[in-house]
Amino acid sequence: MCGILGYTGDRQASDILLNGLAKLEYRGYDSAGVAVLNNGEIKIAKNKGRLKVLEEKIKSGQEVPGTCGIGHTRWATHGEPSDVNAHPLWSDDMSVVAVHNGIVENYREIKNELAEHGYKFYSQTDTEAAVKLIDFYYKQEKNPLKAIIKAIHKIEGSYCFVLLFKDFPGEVWGARKDLPLIAGQGKGESFLASDVSAILQDTRQVYYLDNMEIVQLKKGVVRFFDTEGYAKHKELSEVTWDMNAAEKGGFEHFMMKEIHEQARAVKDTFGSVYHSGKINLEDLGLADENIKDVSQIYIIACGSAYHAGAVAQYVIEDLAKIPVRIELASEFRYRNMPLDKNALAIIISQSGETADTLAAMRRAKDNGIKTLAIVNVVGSTIAREADSVFYTMAGPEIAVATTKAYSAQLIACYALAIQFAKVRGVIDDAEVARLITEIQALPEKIDEILDEKEVLEELAYKFVNARNAFYLGRNIDYAVAMEGSLKMKEISYLHSEAIAAGEMKHGPISLIEKGMLVAGIMTQKNLYQKIASNMLEARSRGGFLLIIATRGCEALKDEANFIFNIPETDEHFAASLAVIPLQLLGYYVAVARKLDVDKPRNLAKSVTVE
Ligand code: G6P
């Protein structure tokens, strides 16, 4: 996820770009850059670091004069944050210069093909492959529209490009697939941006681009084309949001916005290791022979990342038949357990900076154990020190309570589980294909659940004054219960506990009072009746039974107070769906209690102290 911008008009482009990028920094902030087209020349300035570094470098824009330009604020996906990998990126003769948001999944293949035509590459980015592909077609067609169309027919993945062509002064071009891009219409000027917050101070008249649409900006003129090259008419909309709402994409809180970004995070994370019909983990240091050598797995993490690991433990053990231990980093780092040198340590962390997780990873490394980090922030300490990294593609997460990063961590673990199972001969190719199809169907199912969120909003008001809640599950459903319970307590301050359902009778049951929320997660068919019995024990003591169950589960249909059904999926992946209503419930209870959802008291997004 990155912030991108384009401008053409009569004002200095750099002023507009620097102001607009400042509004987009929440989308990424590890590097920034601008390109300005002036007198037939494109001048580029870019660097690693926050936008203010760029601002100083170009003397608030004086170094890049001109009235037509593009800008970018980066959240690294391919290639670490560095001056070279920062956007814009250019073709060798500077004919085409572009900024990009998203992932070009087939960039290796594109690079190889272009290399045969003499193209060389200077960065580690996927973007450079796309820019040079557009340049390749541009050299044949001498027409920006035709070149972009040819390129987007070839590029796989989700993306949004904003481009300058040296020979087309005063013009900015853009195209999108699966990622947002809006065009703004001003008087004698026009804009492109990742979201309206970046241009709201200049215009409220916007067009929302649809998937696979191409846009051309000239001073005060915005034109649209389909992928056949035909011009399209679009309706202009008036933005009524204020600036604060605009940054949150119209949602009241970043947390809700991020909950809605989960389908994309899931798709992009899987897409990063799934190429040409296969999961490929070689770039993660997991070639087939390495996978075969692994004797057992330690998963080490804190907080929600630990909960993702808890799901992974069940999934990997069941699919790949390898013993997996899930360890709290804060415990692992001080425990004197005998460590197996042939084990693989999987370190999970959104920030890549959590002090306990980092210390635990160092301990594993000191003991000669190979480490694989599943991390969201590119270039973070854990990412740099691990033997290899599987980057989740969630993009920057602003809300303290994680949602999309957790969902992306689950997908990374599923991909590992399938590949381990395949390489170790536990499942055949047909089963691999079936599981992959199930993963690919998850984004749509997540959105299907989000379409029904209002019923949970209504339910939440019931618990505005509640003091305690239990979340019950067994197996994967217990791991989901842990995450659901954490979501509730961290943002709504309602005390809640996750309980392995079979354990309730050993103590917690004494806490159940009339009307207390007892949530039961039911996605594992063989355990439906077991959980149902535990839930009935809670009901007979006055508990309010909320059931999150896979569609078709009939257990408790007459006894539950409220049932929320989730779509069917392979049971190994059910956590990805069951967690969504639990995130929503925590969110809505916090909103009903009028709490600061994005910044809950006493918590921090990244915990760099012990
Ligand atoms: C903090 C955050 C949690 C997160 C945990 C681990 O407590 O509030 O949301 O799960 O740290 O963070 P990490 O960055 O290592 O995933």
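J.: Looking at this structure, how should I read the nonpolar core?
T.: The tendency in soluble globular proteins is for nonpolar side chains to be buried side by side. Membership of the largest hydrophobic core comes to 98 residues, with the highest contact counts inside it found for Ile297 and Tyr414. A domain-level breakdown of this core finds at least three residues from each of domain 2 (246-440) and domain 3 (450-602). For Ile297, the contacting residues outside a window of four places in its chain are Ile316, Ile322, Pro323, Val324, Arg325, Leu344, Ile346 and Phe420. In terms of nonpolar packing, the next biggest core, distinct from the first, is built from 31 residues, Ala129, Phe136, Ile152 and Phe161 among them.

J.: Explain the site of the ligand to me, please; I cannot follow it from the model alone.
T.: Taken together, 13 residues form the shell around the ligand, and within it Ser304, Ser349, Gln350, Ser351 and Thr354 come nearest. Take Ser351: an N or O atom from its side chain is 2.6 Å from an oxygen atom of the ligand. For the ligand, whose free accessible area comes to 390 Å², the fraction covered by protein is 89%. Top element by residues in the shell around the ligand is helix H10 (residues 303-320). It accounts for three residues.

J.: Whenever I open this one, the sheet that holds strand S8 (residues 172-177) confuses me. Can you help?
T.: Within a beta sheet, neighbouring strands are joined by backbone hydrogen bonds and run either parallel or antiparallel to one another. Taken in spatial order, the seven strands line up as S5-S6-S7-S8-S12-S13-S14 in an open sheet, and their pairing is antiparallel. Where the open sheet ends on each side, the last strands, each with one partner, are strand S5 (89-90) and strand S14 (231-232). Against the sheet, helix H5 (residues 144-154) contacts strand S7 (157-165), S8, strand S12 (213-218) and strand S13 (221-225), and its axis sits at roughly 20° relative to S8.

J.: Can you help me understand the domain arrangement of the protein in this one?
T.: Reports of interface size often rely on the accessible area that becomes lost once the parts have come together. We note that the domain assignment places domain 1 (3-240), domain 2 (246-440) and domain 3 (450-602) within the protein. Centre-to-centre, using C-alpha coordinates, domain 1 lies 32 Å away from domain 2. Across the boundary between the two partners, domain 1 contributes 21 residues, which contact 19 residues of domain 2. Surface buried jointly by domain 1 and domain 2 totals about 1700 Å² across both partners, of which 61% is contributed by carbon and sulfur atoms. Contact with domain 2 buries surface across domain 1, with Tyr26, Trp75 and Glu105 losing the most and accounting together for 39% of the total. At the surface where domain 1 touches domain 2, the tally comes to five residue pairs in polar contact (both at pLDDT 80 or more). In terms of residue class, the side of domain 1 that touches domain 2 is built from eight nonpolar, six polar and seven charged.

J.: In this structure, what is going on with unusual backbone geometry? I would like to understand it.
T.: In terms of backbone geometry, most residues other than glycine have negative phi values and most peptide bonds are trans. In this chain, His87 is followed by Pro88 through a cis amide linkage whose omega measures 5°. The topology assignment puts Pro88 in the loop between strand S4 (68-74) and S5. A positive phi angle, close to 50°, is found at Lys59, a residue other than glycine. Among the structural elements, Lys59 can be located in the loop between helix H2 (51-57) and S4. Classification of Lys59 as partly exposed rests on a relative accessible area of 47%. Residue Met212 is not a glycine yet carries a positive backbone phi of 60°.

J.: Would you explain the pattern of salt bridges in this entry?
T.: Pairing between side chains becomes possible if they bear opposite charge and their charged atoms approach one another. The full count for this structure, using the stated rule, is 35 salt bridges. As a salt-bridge pair, Glu63 and Lys59 come within 3.5 Å of each other at their nearest N and O atoms. A relative accessible area of 34% places Glu63 in the partly exposed class. Residue Glu327 pairs with Arg325 through a salt bridge whose shortest N-O separation is 2.9 Å. We classify Arg325 as partly exposed; its relative accessible area is 37%. When salt bridges with common partners are traced through the structure, they connect Glu431, Arg434, Glu438, Lys445 and Asp570 into a single cluster.

J.: Which parts of the structure should I look at to understand the side chain of Lys248?
T.: Within the element layout of this structure, Lys248 appears in the loop between helix H6 (243-247) and helix H7 (254-260). No salt bridge is formed by the buried Lys248; the nearest opposite charge belongs to Asp598, separated by 5.0 Å.

J.: Help me understand the pairing of strand S2 (residues 31-38), please; the structure alone is not making it clear to me.
T.: Every regular strand shows the same layout, with side chains that alternate between the two sheet faces. Taking burial as the measure, the eight residues of S2 include seven buried ones, the bulk of the element. Summarising the sheet, S2 and strand S3 (residues 41-48) pair through eight bridges and their orientation is antiparallel. Among the inter-strand pairings, Asn38 is bridged to a residue of S3, identified as Glu41. Joining the antiparallel neighbours S2 and S3 is a turn of two residues, in which Asn39 adopts a positive phi near 50°. When S2 meets S4, the two strands line up antiparallel, connected through six bridges. Across the sheet, the residue bridging to Ala35 is Ile70, located in S4.

J.: Looking at this structure, I do not really get helix H14 (residues 404-423). What am I missing?
T.: Counting along an α-helix, one turn takes 3.6 residues, and residues three or four places apart therefore face a common direction. Taking 1.5 Å of rise per residue, 20 residues should cover 28 Å, and H14 covers 29 Å from first to last C-alpha, within 8% of that figure. Judged by how many residues are buried, H14 sits mostly within the fold: 19 of 20 residues are covered. Of the residues one or two after H14, Gly425 is the one with positive phi, at around 75°.

Here is what the cut-offs are and how they apply
Residues numbered from 1 in each chain as written. Predicted model: local features only at pLDDT ≥ 70, side-chain atom pairs only at ≥ 80, totals over all residues. Heavy atoms only, no water. Core = buried A, V, L, I, M, F, W, Y, C linked by side-chain atoms within 4.5 Å. Buried < 20%, exposed > 50% of the residue type's maximum accessible area, 1.4 Å probe, protein only. Domains from an automatic or database assignment. Contact = heavy atoms within 4.5 Å. Near = heavy atom within 4 Å. Polar contact = N/O pair within 3.5 Å; in protein donor to acceptor, adjacent residues only side chain to side chain. Areas by Shrake-Rupley, 256 points an atom, 1.4 Å probe, with all protein chains shown as cover. Helix = DSSP H or I, 4+ residues; strand = E, 2+ residues; numbered from the N terminus. Pairing = 2+ DSSP bridges. Axes fitted to C-alpha atoms, helices over the stretch in contact; angles between N-to-C directions. Buried area = accessible area lost by both parts, 1.4 Å probe. Nonpolar A, V, L, I, M, F, W, Y, C, P; charged D, E, K, R; others polar. Salt bridge = Lys/Arg side-chain N within 4 Å of Asp/Glu carboxyl O. Lys, Arg positive; Asp, Glu negative; His and termini not counted. Expected span 1.5 Å × (residues − 1).

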